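Reading the structure
Now for the letters of each chain:
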Amino acid sequence: MVKTERHEMPAQAAEIRKHNFNEVALGYTAELAKEEAERCLGCKNSPCMAGCPVGVRIPDFIARVKVGDMEGAVKILNTDNNLSAICGRVCPQESQCEKYCVRKLNLGGSVAIGNLERYVADYALANGLENLCESECNKAGKYEGRSVAVIGSGPASLSCASDLARAGVKVVMYEALHKAGGVLVYGIPEFRLPKSIVQKVVDNVKSLGVDLETDVVCGKTVFIDELLFEHDAVFIGTGAGLPSFLRIKGENLNGVYSANEYLTRVNLMKAYKDGAITPILHGKKVVVVGAGNVAMDAARTALRLGAEVNLVYRRSRAEMPAREDEIVHAEEEGVVFDLLRNPVEILGDENGRVKGMRVIKMELGEPDASGRRSPVPIEGSEFEIECDEVIVALGTTPNPLIKNSMPSLETSKRGTIVADECGRTSVKGVYVGGDAMTGAATVILAMGAGKKAAKAILEDFD
Amino acid sequence: MKKYEILKKRALASNVNEYVIYAPLVAKHCLAGQFVILIVEPDGERVPFTICDYSREDGTVSILVQEVGYTTAKLAMLKVGDALEDFVGPLGNPTDLKEFDSVVLVGGGIGSAVVYPQAKQLKADGKKVDVIVGARNESLLMYVDEFERNSDNLYLITDDGSNGRKGFVTDMLKSLVESGKKYDCVFAVGPLPMMKAVCNLTRELGVKTIVSMNSMMVDGTGMCGCCRLTVGGRTKYACIDGPEFDGHEVDFDEAILRSKIYKAQEQEHLCNLRGNYGKN
Ligand SMILES: Cc1cc2nc3c(=O)[nH]c(=O)nc-3n(C[C@H](O)[C@H](O)[C@H](O)COP(=O)(O)OP(=O)(O)OC[C@H]3O[C@@H](n4cnc5c(N)ncnc54)[C@H](O)[C@@H]3O)c2cc1C
Ligand SMILES: Cc1cc2nc3c(=O)[nH]c(=O)nc-3n(C[C@H](O)[C@H](O)[C@H](O)COP(=O)(O)OP(=O)(O)OC[C@H]3O[C@@H](n4cnc5c(N)ncnc54)[C@H](O)[C@@H]3O)c2cc1C
Ligand code: FES
């Protein structure tokens, strides 16, 4: 008889994992995967699919897992998702596919679609099946001789590049940093997304014939006009990497980091390893400001580097934008949530080093434009908390480098590049997708946008 | 040629080397005042250096590096024919001194590296340019011949008087102005305390002053905020808003504190390196 309760993913115990950088979630065994797959009712109207931003045929791939046809499952999954090993790990499933699962409320909980996705994708990586998909690889096809420049190497670019390469287009990917992967490699920590997985995904894209040129900053090293001269089209997948700060007193004190800097030092530059060359401060008491995935990642990283960590957030628990898993994991590991608090000033000692933060208590008022109840400061409720490090995770906006180097490219007030729903920008032959188009969003949306733009590029070639 | 190969290396002063690096993409668009970020070895640190010279034809970029810590010491161990792991640029904004007719360039220590391409540019534009080069002692003076060729007047000054006048660059600048020299811009580059001193002086003298800020950096593209500093009461990023700023607006005291964030760890890395180096 099929167990009706959802099978949670085995994970490292909180007490142990908070001292290491190994992946927290351990993945399903074959038995667990099969049992969980059997919970899927295979609904004819597939409500889960409506929750997937890229429309993965979820019941179909799960049906393949049920009968042990892993190749079949890989093929279905890969057809709509170029980055399933990553999405299986980082998608906010609880607000997407799993939100609409019929089992959610009364039938033991939603089918663990994300866990199953990860299981299938890991199987593909382990068995060299990562290129298996329903659309034929078309190397010698009609796009021979065409070439596209892809700027950036995050999820949007990786996905766009692989679809184009599969269609037989020559692709050159230009990345500003010394490693490919975008946020996947510099932002999301090892314990949530092992870099070896990202590397495999990048290697796979390269194996499709995509040339990767690192150390190339578009708008500085090369310009879009130049790229348009050498290639038939250009795709911009440069993300939204510019950190926002609080704009309060004390923000430039030693020990105040943007989450981007903190995570980049730890992830990309490997500062968490003994003997790493790139330094990082090891605070004893760290305050993280914000409550999104980035804040959770920063908090859990600081914890692993030996700090006590408090997270200061101006709304309440219900409004925290991070994935549910990350919030739960952070809490289990001992991150303290100081909710309904807002920083007013960061305090420093005579050496310019952080020694505390003044915060004000907040209460929730009327819903704002985002539909969330907006926080209102409670007058006279300020108090100080002691800390020696502050990490600011208040969101990011697109880098103006590209825009500044190409005024004819239309951008919005928020700095995002304006485009139609397929990623066509105001400049002929130039396409965009991912965070650069939408502002900071998710891996799956970036991946999907890369796919759409690839399709548009191919259509415009025809 | 290998990517980022060291084509030439020469010692310019004690602990200062000039490297000519093969990097055609960087050489293609770089301009005076911009910088590169390089990595010496796998998993190494990203460190910024000013582009001192370049040849678009040969696809080369020259940098001048003073050995001060782990990464610069590692770099000094490389030989001609070796290649760097990474080399990205040109980053930052080019200098634009076009609006000025009479400029004095002030280089302190390794700051001369940053000042040199400006001298060349101004000279090429047919502008009047004086250069003050200061160093702790004679063995640290560099590019003397190059400056000689690319300036109207070159003034040398050392802390100990071992070459040129004895004193600091500010002493030289002050006496030049007092002796009747008229400058409409001072362009000063060097250690933070030196730039601060120059700015304090020129504020009194009422001469516009541009400084090049050598904040610590990670990405160099505006992505991390590591390089931030306060200019005119507002936070700026040295890598994308700079590296040059109006010196009279820069909060030097904050910049000096920020430059010391990792002092202890840097010291440890260097000791480890020197220790291992001894053993090999
Ligand atoms: C810490 C953190 C945690 C996150 N956690 C999650 C999560 O759990 N789930 C989820 O779905 N999403 C998460 N996100 C968001 C998600 O990672 C992003 O939405 C996604 O990576 C966007 O993809 P992208 O391809 O548009 O851009 P990015 O991943 O940002 O990649 C852009 C790339 O372009 C490069 N680039 C930028 N400018 C230039 C230039 N001028 N020239 C050349 N290259 C350039 C950058 O160096 C970078 O490599 C997280 C983000 C962060 C920062
Ligand atoms: C835009 C820019 C241009 C630069 N141009 C040059 C150049 O042309 N030639 C050159 O030799 N150096 C230049 N620097 C400084 C150079 O980047 C540093 O000397 C180098 O990063 C030191 O690395 P390290 O590992 O050897 O030393 P570390 O171990 O990192 O530091 C050793 C000592 O140097 C100090 N230091 C560290 N980083 C910097 C820094 N960014 N600026 C000043 N002092 C620092 C530390 O406080 C410490 O005392 C420039 C810096 C910037 C930001
Ligand atoms: S070095 Fe990262 S923002 Fe300037």
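First things first, this report covers the structure right here in the doc. Keep in mind the model is a prediction, meaning the values are calculated, not measured. (Residues numbered from 1 in each chain as written. Chains lettered and ligands numbered in written order. Predicted model: local features only at pLDDT ≥ 70, side-chain atom pairs only at ≥ 80, totals over all residues. Heavy atoms only, no water.)

Here's the deal with the site of ligand 2
Residue and element names in this part refer to chain B. This is how the line gets drawn: When we say a residue is near a molecule or strand, we mean one of its heavy atoms is within 4 Å of it. Here a polar contact means two N or O atoms within 3.5 Å. Within protein one must be a hydrogen donor candidate and the other an acceptor candidate, and residues neighboring in sequence count only if both atoms are side-chain atoms. Residue-level accessible areas treat just the shown protein chains as cover; the underlying method is Shrake-Rupley with a 1.4 Å probe. Put simply, DSSP H or I for four residues or longer makes a helix, DSSP E for two residues or longer makes a strand, and each gets a number counted from the N terminus. Under this grouping Gly is polar, as are all residues other than the nonpolar Ala, Val, Leu, Ile, Met, Phe, Trp, Tyr, Cys and Pro and the charged Asp, Glu, Lys and Arg.
The immediate surroundings of ligand 2 are formed by 21 residues, with P48, L64, Q66, T72 and S215 found nearest. At 2.8 Å, a backbone N or O of Q66 approaches an oxygen atom of ligand 2. Contact between ligand 2 and K263: an oxygen atom at 3.2 Å from a side-chain N or O atom of the residue. When the free accessible area of ligand 2 is taken as 850 Å², the share hidden by the protein chains comes to 87%. Of all the secondary structure elements, the ones that give two or more residues to the shell around ligand 2 are β4 (47-50), β6 (60-66), α2 (70-77) and α9 (263-279). At 4 residues, the largest contribution of residues to the shell around ligand 2 is made by β4. Looking at the shell around ligand 2 residue by residue, the classes come out as 11 nonpolar, 8 polar and 2 charged.

A closer look at the interface of chain B and chain A
Frequently, the measure chosen for interface size is the accessible area removed from exposure when the parts meet. What counts is decided by this rule: Should any heavy atoms of two residues lie within 4.5 Å, those residues are counted as being in contact. What gets called buried area is simply the loss in accessible area from a 1.4 Å probe that two parts show on being joined, summed for both. The salt bridge definition used is simple: a Lys or Arg side-chain nitrogen within 4 Å of an Asp or Glu carboxyl oxygen.
If you look at the interface, chain B gives 42 residues, while chain A gives 42 residues. On the chain B side of the contact with chain A, M223(B), R228(B) and Y262(B) bury the most area, a combined 19% of that side's loss. The interface formed by chain B and chain A includes 3 salt bridges. If you look at where chain B meets chain A, you find 20 residue pairs in polar contact (both at pLDDT 80 or more). Taken together, the elements giving at least two residues each to the side of chain B that touches chain A come down to α1 (24-29), α2, β7 (86-91), β14 (228-231), β15 (234-237), α8 (252-258) and α9 of chain B. Top contributing element to the side of chain B that touches chain A by residue count: β7(B), with 6 residues. Class assignment for the residues of the side of chain B that touches chain A results in 17 nonpolar, 14 polar and 11 charged.

Digging into helix α2 (residues 30-38) of chain A
Residue and element names in this part refer to chain A. Convention followed: A simple rule labels every residue: compare its accessible area, found with a 1.4 Å probe on the protein chains alone, to the largest value its type can have, and call it buried under 20%, exposed over 50%, or partly exposed in between. The directions from the helix axis to the C-beta atoms are what the arc is built from.
For α2, the set of buried residues is A33, E36 and A37. Along α2, the residues classed as buried sweep out an arc of 100 degrees about the axis, all on the same side. Residues of α2 that are buried make contact with α4 (58-66) and α7 (113-126).

Section: the nonpolar core
As a reminder, the rule being used: The nonpolar core is taken to be a set of buried Ala, Val, Leu, Ile, Met, Phe, Trp, Tyr and Cys residues, with the residues joined through side-chain atoms within 4.5 Å. Where each domain begins and ends is defined by an automated method or by a domain database.
Residues I58(A), F61(A), I62(A), V120(A), L164(A) and I457(A) are the most contacted members of the largest nonpolar core, which totals 70 residues. Broken down by element, this core gets its largest block of residues, 10 residues, from helix α17 (residues 443-461) of chain A. Residue-level mapping places this core at the junction of two domains, with at least three residues from each of domain 1 (14-126) and domain 2 (147-241 + 397-461) of chain A. Setting aside its immediate chain neighbours within four residues, I457(A) contacts V148(A), C160(A), L164(A), A233(A), F235(A) and Y431(A). Counting 55 residues, the second largest nonpolar core, distinct from the first, contains L246(A), V312(A), C387(A) and L192(B).

Some words on empty space enclosed by the protein
Residues and elements named next belong to chain A. Selection criterion: Any residue with an atom within 4 Å of a point lines the site, the site being either a cavity, points on a 1 Å grid over the protein atoms alone where a 1.4 Å probe fits but cannot get out, or a pocket, an open set with protein on both sides within 12 Å along at least 5 of 7 lines. Grid points are joined across faces, edges and corners, and a volume is the space filled by probe spheres set on the points.
Taken as a whole and assessed by the stated rule, the structure comprises 4 cavities of 30 Å³ or more. Approximately 190 Å³ is the volume attributed to the largest cavity. Together, 16 residues line the largest cavity, and N78, N82, L83, E130 and N204 are the ones closest to its centre. Among the elements of the structure, α6 (84-90), α7, α8 (155-166) and α10 (195-207) are those that each provide at least two residues to the lining of the largest cavity. Taken together, the residues of the lining of the largest cavity sort by class into 8 nonpolar, 6 polar and 2 charged. Inspection of the lining of the largest cavity shows a minimum of three residues originating in each of domain 1 (14-126) and domain 2 (147-241 + 397-461). In this structure, the second largest cavity occupies an estimated 130 Å³ of space.

So, the sheet that holds strand β6 (residues 256-258) of chain A
Residues and elements named next belong to chain A. The test is simple: Strands are labelled as partners when DSSP assigns at least two bridges between them. Fitted lines through C-alpha atoms give the axes, limited to the stretch in contact for helices. The angle between two N-to-C directions lies from 0 to 180 degrees.
Here we have 5 strands laid out as an open sheet, ordered β6-β14-β7-β8-β9, and parallel in their pairing. Every interior strand has two partners, whereas the edge strands, β6 and β9 (336-339), have only one. The mean angle between the axes of side-by-side strands here comes to 20 degrees, regardless of whether they run parallel or antiparallel. When strand β7 (residues 285-289) meets strand β14 (residues 389-392), the two strands line up parallel, connected through 4 bridges. Bridge pairing in β14 places V286 opposite E389. Across the face of the sheet, helix α13 (residues 293-304) comes into contact with β7, β8 (308-313), β9 and β14 while running at roughly 160 degrees to β8.

Some remarks on the site of ligand 1
Residues and elements named next belong to chain A. Around ligand 1 lies a shell of 34 residues, among which V90, A156, E175, C218 and D435 are the nearest. T442 is positioned such that a nitrogen or oxygen atom in its backbone is 3.4 Å from an oxygen atom of ligand 1. About the coverage of ligand 1: the protein hides 94% of its 990 Å² of free accessible area. When residues of the shell around ligand 1 are traced back to their parent elements, those giving at least two are α8, α13 and α17. Top contributing element to the shell around ligand 1 by residue count: α13, with 3 residues. A per-class count over the shell around ligand 1 returns 18 nonpolar, 11 polar and 5 charged. Both domains that furnish three or more residues to the shell around ligand 1 are identified here as domain 2 (147-241 + 397-461) and domain 3 (245-394).

What about a negative patch on the surface?
The following threshold applies: Like-charged residues within 9 Å of one another, or nonpolar side chains (Val, Leu, Ile, Met, Phe, Trp, Tyr) within 5 Å, are grouped into patches, provided each residue has over 30% relative accessible area and no salt bridge. Charge assignment: positive for Lys and Arg, negative for Asp and Glu; neither His nor the chain ends contribute. Charge coordinates come from a single atom per side chain, which is NZ of Lys, CZ of Arg, CG of Asp or CD of Glu.
A surface patch of like charges, here negative, comprises D96(B), E99(B), D101(B) and D184(B). Mapped onto the elements, E99(B) comes out in the loop between β7 and β8 (102-108).

Description of the pairing of β15(B)
Residues and elements named next belong to chain B. Two elements, β14 and β15, share 4 bridges in a ladder whose sense is antiparallel. Note on β15: the bridge partner recorded for V231 is R234. Connecting the antiparallel pair β14 and β15 is a turn made up of 2 residues, with G232 showing a positive phi of about 60 degrees.

Describing the packing of α8(A) against α10(A)
Residues and elements named next belong to chain A. Going by this rule: Relative orientations are named as follows: roughly parallel for angles under 35 degrees, roughly antiparallel for angles over 145 degrees, roughly perpendicular for angles from 65 to 115 degrees, and oblique for any other angle. Two helices cross in a left-handed way if the nearer one is turned anticlockwise from the farther one by less than a right angle. They cross in a right-handed way if the turn is clockwise.
Their axes nearest at 9 Å, the elements α8 and α10 cross at an angle of 30 degrees. The angle between the axes of α8 and α10 places the two elements in the roughly parallel class. Crossing of α8 over α10 shows left-handed handedness. Two secondary-structure elements touch here, α8 through L158, A161 and S162 and α10 through V201, V202 and V205. Among the residues making up the contact of α8 with α10, the classes are represented as 5 nonpolar, 1 polar and no charged.

Details of the sheet that holds strand β16 (residues 430-432) of chain A
All names here are of chain A. Taken together, 5 strands build an open sheet; the order of strands is β3-β2-β1-β4-β16 and the sheet is parallel. Strands with a single pairing partner mark the edges of an open sheet, and in this sheet they are β3 (211-213) and β16. The sheet shows a mean angle of 20 degrees between the axes of neighbouring strands, direction not considered.

Geometric values such as these leave the question of function open.
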